[in-house]
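Examination of the molecular architecture
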Amino acid sequence: MPVISLERVVITVADLDGAIAFFHDGLGLTVGPVRSVKDAGWNGFLGLDAETHMLAADIQFDGEALTLAAFNPTGAPYPRPRASNDPWFEHVALVAGDIEAVWSRLEESNPESVTVGGPVVLPPNTGRVTAFKFRDTEGHPLELISFPDGVGDPRWQKGGPGIRGFDHTAIVVADLDRSLAFYTELLGMRVGGRSVNQGPEQDHLDDLSGCLVDVVALQPGDQQTPHLELLYYRQPPESDPVPPPQANDVASVRQVYRVEGLEALVDSLKSAGVTFVSEGLVALAENEHGAAVRDPDGHMVVLLD
């Protein structure tokens, strides 16, 4: 399998200090030091102007990381209006030991709630997971989830009441079969589970009416978490396609994967007509190479060897 692990998710922000405060003060997470990057090669890799300056900070968990990245010049703000089935939607699902306690703390930061009426216990076909969706101060969707005993990765049963890590990143797709072909046939990921979610619980979770959504979990290699989830809304359908966000636009969220056999994978992706953001395979640092591509819906995917 070419893709062997989902290493991190990168979220573009306009105000890095504000984002750090939200994740630290609101969610109780430790954010690492800010680093400065002004590198023409890296900017070209992301499809940005050579003079672009990036400031970034990491939230490191046991086996995965979130990166908050701010760019100068900044791109477009997060679009309005916005909904859980937007074509550019991508969220990160943060695992809480005590979801009510985490949400109670987070409320002090005055986040924008998506879920109606507090955390929702989802139906048995979804494992009776408790979930709550919200947005940070810039509009990025996030999710708090809590797993009952015996459900999900066993590591989520251990730890304190706060955030224990992130279980997955979820993206909205317009054509489920097309996206499955990209992620499984080209990137070598495997289906780890799937369900069709509907009913009042899903409506409350998403703040939508009449939800009927296919949820497909895709695992990179043998890694159970973190993983990718595809969200295909049969009802209500997503709005018309829009141009995908550029890397410095606030709506830009990037999946970063570690790959085995990157050169051969890049050749396969080129042969399949996949859209590249980078100029094919690029040397990024000493002994490290990468490629940045877009999936069929325009979500950016970064591949590193």
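For the structure itself, look to the data block above.
Given the structure is predicted, the values throughout are model-derived calculations rather than measurements. Per chain, residue numbering runs from 1 following the sequence as it is written. Only residues with pLDDT of at least 70 are given local features in this predicted model, and only at 80 or more are side-chain atom pairs given and counted; all residues enter the totals for whole chains, interfaces and linings. Each side-chain value is worked out from all heavy atoms of the structure, with water and hydrogens disregarded.

Some words on the packing of helix α1 (residues 16-26) against helix α3 (residues 99-107)
The packing of two helices is summarised by the inter-axis angle and the distance between the axes. Orientation of α1 relative to α3, taken along the N-to-C sense of each, is 135 degrees, at an axis distance of 9 Å. It follows from the interaxial angle that α1 and α3 lie oblique. Contacts from Phe22, His24, Asp25 and Gly26 of α1 reach α3 at Val102, Arg105 and Leu106. Taken together, the residues that form the contact of α1 with α3 break down as 3 nonpolar, 2 polar and 2 charged. Every angle, taken between N-to-C directions, lies between 0 and 180 degrees, and every axis is a line fitted to C-alpha atoms, over only the stretch in contact when it is a helix. Starting at the N terminus, helices and strands are each numbered in turn, a helix being any DSSP run of H or I of at least four residues and a strand any DSSP run of E of at least two. An angle below 35 degrees is read as roughly parallel, one above 145 as roughly antiparallel, one from 65 to 115 as roughly perpendicular, and any other as oblique. Contacts are residue-level and defined by heavy atoms, with any inter-residue pair within 4.5 Å sufficient. In this classification, Asp, Glu, Lys and Arg are treated as charged, Ala, Val, Leu, Ile, Met, Phe, Trp, Tyr, Cys and Pro as nonpolar, and every other residue, Gly included, as polar.

Here's the deal with the packing of aromatic side chains
A pair of Phe, Tyr and Trp rings is counted when the ring centres sit within 6.5 Å of each other, with Trp represented by its six-membered ring. The angle between the planes then sorts it: under 30 degrees is stacked, over 60 is edge-to-face, the rest tilted. Under the definition given, this model contains 6 aromatic pairs. Look at Phe61 and Phe166: their rings are 6.3 Å apart centre to centre, the planes differ by 75 degrees, and that puts the pair in the edge-to-face class. With Phe61 in the loop between β3 (53-60) and β4 (65-72) and Phe166 in strand β10 (residues 163-172), this pair connects stretches of sequence that are 105 residues apart. Here Phe166 falls in the buried class, since its relative accessible area comes to 0%. Seen from their ring centres, Phe182 and Tyr183 are 4.8 Å apart, and the 85 degrees between their planes marks the pair as edge-to-face. In this structure, Phe182 and Tyr183 share a single accessibility class: buried. Counting every residue linked through ring pairs, the aromatic cluster contains Trp103, Phe132 and Phe134. Classification of residues uses two cut-offs on accessible area relative to the type maximum, computed with a 1.4 Å probe and protein chains only: under 20% is buried, over 50% is exposed, and between them is partly exposed.

Let's talk about the nonpolar core
For soluble globular proteins, the rule of thumb is that nonpolar side chains tend to be buried together. The criterion is simple. A nonpolar core is a set of buried Ala, Val, Leu, Ile, Met, Phe, Trp, Tyr and Cys residues joined through side-chain atoms within 4.5 Å. Among the nonpolar cores identified, the biggest contains 56 residues, and Phe23, Leu27, Tyr183, Leu187, Leu230 and Leu303 are the most heavily contacted of them. Ignoring anything within four residues of it in the chain, the contact list for Leu187 reads Pro2, Val3, Phe182, Leu265, Leu269, Val301 and Leu303. Within the second largest apolar cluster, 16 residues are counted, among which are Val10, Phe45, Leu48 and Val277.

Remarks on the side chain of Glu143
Mapped onto the secondary structure, Glu143 falls in strand β9 (residues 141-146). For the buried residue Glu143, which engages in no salt bridge, the nearest side chain bearing the opposite charge is Lys133, 5.0 Å off. Here the side chain of Glu143 touches His91 through a polar contact of 3.1 Å, side chain to side chain. Setting aside residues no more than four positions away along its own chain, Glu143 makes contact with His91, Val92, Ala93, Leu94, Ala131, Phe132, Lys133, Phe134, His168 and Leu205. By the counting rule applied here, Lys and Arg register as positive and Asp and Glu as negative, while His and the ends of each chain are not counted. Every case where a carboxyl oxygen of Asp or Glu lies within 4 Å of a side-chain nitrogen of Lys or Arg is listed as a salt bridge. In protein, a polar contact requires one atom able to donate a hydrogen and another able to accept it; more generally it is a pair of N or O atoms within 3.5 Å, and residues adjacent in sequence count only if both atoms are side-chain atoms.

Examining unusual backbone geometry
The linkage connecting Thr225 with the following residue, Pro226, adopts the cis geometry, with an omega of -5 degrees. Cis geometry is found at the peptide bond from Gln235 to Pro236, where omega equals -20 degrees. Relative to the helices and strands, Pro236 resides in the loop between β13 (227-235) and β14 (253-259). At Asn110, a residue that is not glycine, the phi angle is positive and equals roughly 55 degrees.

Some remarks on the side chain of Asn85
For Asn85, the location among the structural elements is in the loop between β4 and β5 (90-96). Look at Asn85 and you get buried, because its relative accessible area is 7%. Those residues within four positions of Asn85 in sequence are excluded, and the remaining contacts are Val172, Leu208, Tyr233, Pro236, Pro237, Glu238 and Ser239.

Here we look at α1
Among the residues making up α1, those that are buried are Leu16, Ala19, Ile20, Phe22, Phe23 and Gly26. Summarising the contacts, the buried residues of α1 are in contact with β1 (3-13), β3, β4, α3, β8 (130-135) and β9. Just past α1, the residue Gly28 takes up positive phi, approximately 70 degrees.

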